[in-house]
Amino acid sequence: MSAEKRVEATVKNIEGKIQEVVGEITGNPQDKAEGQTKQAQAQATHTVENIKDELKKALD
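Residues numbered from 1 in each chain as written. Predicted model: local features only at pLDDT ≥ 70, side-chain atom pairs only at ≥ 80, totals over all residues. Heavy atoms only, no water.

(A) Molecular detail of the UniProt feature "domain: CsbD-like" (unreviewed entry) in the protein chain. Mapped onto this numbering, the UniProt entry annotates "domain: CsbD-like" (unreviewed entry) at residues 6-57. With 96% helix and 0% strand, residues 6-57 has end C-alpha atoms that lie 18 Å from one another. (UniProt positions renumbered as here; feature names shortened; annotations may be inferred. Helix = DSSP H or I, 4+ residues; strand = E, 2+ residues; numbered from the N terminus.)

Structure below.
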């Protein structure tokens, strides 16, 4: 497990959530969409790290 990548993904997820909320409050659909994209990227990173962890367990 790459703790560094997980931390980066968590930070990106938080940034995305904040950006999405700001976009909703200000009525800016671009900010909202960018925030949602950041959240999706963070989720993808977490998924990749989970798969790596499972593969490592299976090989051990």
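Continuing now.
(B) Representation of the side chain of Gln 19 within the structure. Following the sequence through the fold, Gln 19 ends up in helix α1 (residues 3-26). Classification of Gln 19 by relative accessible area gives buried; the value is 14%. A polar contact is formed between the side chain of Gln 19 and the side chain of Asp 31, at a distance of 3.4 Å. Beyond its immediate stretch of four places on either side in the chain, Gln 19 contacts Asp 31, Lys 32, Glu 34, Gly 35 and Lys 38. (Buried < 20%, exposed > 50% of the residue type's maximum accessible area, 1.4 Å probe, protein only. Polar contact = N/O pair within 3.5 Å; in protein donor to acceptor, adjacent residues only side chain to side chain. Contact = heavy atoms within 4.5 Å.)

(C) A look at a nonpolar patch on the surface. A surface patch of nonpolar side chains, about 260 Å² in accessible area, is lined by Ile 14, Ile 18 and Val 22. With respect to the secondary-structure elements, Ile 14 resides in helix α1. (Patch = residues over 30% accessible without salt bridge, like charges linked within 9 Å, V, L, I, M, F, W, Y side chains within 5 Å. Areas by Shrake-Rupley, 256 points an atom, 1.4 Å probe, with all protein chains shown as cover. Salt bridge = Lys/Arg side-chain N within 4 Å of Asp/Glu carboxyl O.)

(D) A look at helix α2 (residues 29-59). Here α2 spans 45 Å end to end across 31 residues, near enough to the 45 Å set by a 1.5 Å rise per residue. Looking only at α2, the buried set comprises Gly 35, Gln 39, Ala 42, His 46, Glu 49 and Asp 53. Looking at the buried side of α2, the elements it contacts are α1. Of the residues flanking the start of α2, the one acting as N-cap is Asn 28, its side-chain oxygen 3.0 Å from the backbone nitrogen of Gln 30. (Expected span 1.5 Å × (residues − 1).)

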